[in-house]
Structure formats: C-alpha cells, structure tokens
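Spelled out from the first residue to the last, the chains are:
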Amino acid sequence: MNGLSLNEWCCIFCCPPCPGSVAAKLAFLPPAATYSIVPEPEPAGAPTSVSTGSLRGGSGVMARWKLHLTDRADFQYTQRELDTMEVFMTKSSRGNRIGCMYIRCVPGARFTVLFSHGNAVDLGQMSSFYIGLGTRINCNIFSYDYSGYGVSTGRASEKNIYADIDAAWQALRTRYGISPENIILYGQSIGTVPTVDLASRYECAAVVLHSALTSGIRVAFPDMKKTYCFDAFRNVDKVSKITSPVLIIHGTEDEVIDFSHGLALYERCPKAVEPLWVEGAGHNDIELYTQYLDRLRRFISQELPS
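Residues numbered from 1 in each chain as written. Predicted model: local features only at pLDDT ≥ 70, side-chain atom pairs only at ≥ 80, totals over all residues. Heavy atoms only, no water.

J.: Can you walk me through the packing of aromatic side chains in this structure?
T.: Here the distance between the centres and the angle between the planes together describe a pair of aromatic rings. In this structure the tally under the stated criterion is 15 aromatic pairs. With a centroid separation of 6.2 Å and an interplanar angle of 50°, the aromatic rings of F88 and F142 are classed as tilted. Of the two residues, F88 is situated in strand β4 (residues 85–91) and F142 in strand β7 (residues 140–144); the sequence distance between them amounts to 54 residues. Each member of the pair F88 and F142 is classed as buried. Between F129 and Y130, the aromatic rings sit 6.3 Å apart at their centres with planes inclined by 55°, giving tilted as the arrangement. Take Y130: its relative accessible area is 0%, and that puts it in the buried class. A network of ring pairs unites the aromatic residues F88, Y102, F142 and Y176 as a single cluster. Positioned above the aromatic ring of F88, the side-chain terminus of R175 is 3.8 Å from the ring centre. (Phe/Tyr/Trp six-rings, centres within 6.5 Å; stacked < 30°, edge-to-face > 60°. Helix = DSSP H or I, 4+ residues; strand = E, 2+ residues; numbered from the N terminus. Buried < 20%, exposed > 50% of the residue type's maximum accessible area, 1.4 Å probe, protein only. Lys NZ or Arg CZ within 6 Å of the ring centre and 35° of its normal.)

Structure follows, in structure tokens:
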C-alpha cells in the first residue's frame, strides 16, 4: 500500500470518490509478470502429468498449460518441483481470465489452503514460498492471481478481486473435488480482503488472516472508528459474519498496516482463536519468525474439528 500526500488525501475526502477509486489509489501494484502459462496440445494417449493443467476445448481436444518462469522470477525450478504444480486459467463472473496454481505439497493431505497473496507479487514469485509452506504445515496449496496480476486479464479493482476469489473457490471445488470442510482460506495483507469477503459468505475449515487491514481509509488513519460510504476493503464490517475458526497473525511493528488493525479485527471476530502477535515483526518478515510455523501447525493439527 502506498502512502499518499496531503493533497491526494484531500482529493479522496473532498471529491468524494466511489469505493472503487479509493481502492485503486490505495492498494493495487501489479508487478511485471514473472511467469507465463503456455498452452500445449496434448497428444492422444499421452500420460497425464501434474506439472501442467488441462482444459477440454470446444473441439474436444485436451489443451494443456505449462508454467514458464521468466528472468524476473527469483529462481527456476527443478523438474521434480514442476511436477508438483498444476497451472490453468479459469474465468471470473466479471469476464476476466484468472491464472491459477495448484501445488500438491503433501500427497493425501487433509487440507488444501486457498491462498490470497499480498500486493506487488504474483504466482511466479510466490510459488517457492507455497512449496515450503505446504510441506511444513502438511497441506496442499491452491492460489490464483488477481485481475491484472501475472497472466490474469483485466484490471485490479475491489469488485474484481471478490469475483477472482469466487472463481478460484469454484475451481478448487469443482476441478479437484475439495469439500469446504477441507479448505483453509488464507489471506495475506491485501489478500485478506477477498479472503474475509468469501469467508463471510461460505463456511470452510478455517481462516487465516495474516497482516490484515480493517479498511482502506484506516490504513492511513488507524485511529479512525467510523466507516464512511466511500471507504474500501471493509474487513472490519465483514469479519463478524465469519462462522469458521479464524487465526489472526500480525507483527507488532508493522510499518504498512498498523498493529491496531489486527487487534481491532480480533476484537470484532467472534470465531477468532488465540491470535499470534509477533513481537518486533514488520509487514513482510513474519514468516522468518519460528512462532509463525509453530502457531500454524498447532492451529491446523490440534484446533480444527476432526
């Protein structure tokens, strides 16, 4: 999230704008894509590999998709790692084509994490983290890129990211047959916005909110208590509707989304479990603290209904 000048804030408050324009000004920083998904024809009788996705076209020919990382990606994968990934495109209700990635980190895992990533990254940058995370918490990982990020078409907006996660949820349920009671919704930073919205409408196994914001305007003004009509990303108004167990994680020295956001969401969320407040952690380094994985493992293995 970018800091705004006094003049820019005056424009926001005095225009007044619609919530979508506030969201666009505050939040979305799609990076230059670090990957591509290349369709490849599937020869008749060829064996199926989980390193590529597949989708039957109108001609009946099975089209397959292969992940290609660009030079902007942090590192390239071995074939063994690629064989754990499946990539494909799905379509949102708003007409955008959404890039999706499913990583089989643990064969036979009980839970699949539907991960909504933070800002200024895409699936190519996040995939190495997903492999490590899923292996360590004994879960498979499913993720997607927001409209305008990575290979996803369209433009990032508040309405679009809600449609994007809906498309990802439906793809995870229909393509892989994963039941809601086996899906953990995980949102990080701006990714907590679609996560909270979806979790307020559907029951699932659990929800993890990592460095979450209460609302867009409150990022700049953490002490603001009132919700204005032009505010965006109103997690604070939706979190009370979540019926699944919720783990809230926040760094006490978060320089982007103040620690008070995590506290406020915890207080508003009736299904919140014991939170993880990481002493001294900022916005982008919580994963480096040992208590991060320890708390996730305990939440998943011990605190969720059997």
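J.: Looking at this structure, I do not really get the pattern of salt bridges. What am I missing?
T.: Two side chains carrying opposite charge are able to pair once their charged atoms lie near each other. In the structure shown here, the tally under the stated rule is 9 salt bridges. In this structure, E86 and R175 form a salt bridge, with 3.1 Å as the shortest nitrogen-oxygen distance. Separated by 89 residues along the polypeptide, E86 in strand β4 and R175 in helix α5 (residues 158–176) bring together distant segments of the chain. Looking at E86, the relative accessible area reads 9%, which means it is buried. The exposure class of R175 is partly exposed, given its relative accessible area of 29%. (Salt bridge = Lys/Arg side-chain N within 4 Å of Asp/Glu carboxyl O.)

J.: Help me out: how do you make sense of helix α10 (residues 290–303) in this one?
T.: Each α-helix turn comprises 3.6 residues. Residues three or four places apart therefore point the same way. With 14 residues, α10 ought to run about 20 Å at 1.5 Å a step, and its terminal C-alpha atoms sit 19 Å apart, in line with that. When α10 is considered as a whole, its buried residues turn out to be Y292, L293, R295, L296, F299 and I300. Buried residues of α10, seen end-on, are gathered within an arc of 165° and therefore sit on one face of the element. Across α10 from its buried face, at more than 90 degrees, point the exposed residues T290, S301 and Q302. (Expected span 1.5 Å × (residues − 1). Arc of directions from axis to C-beta.)

Spatial relationships are all this shows, so hold off on functional conclusions.
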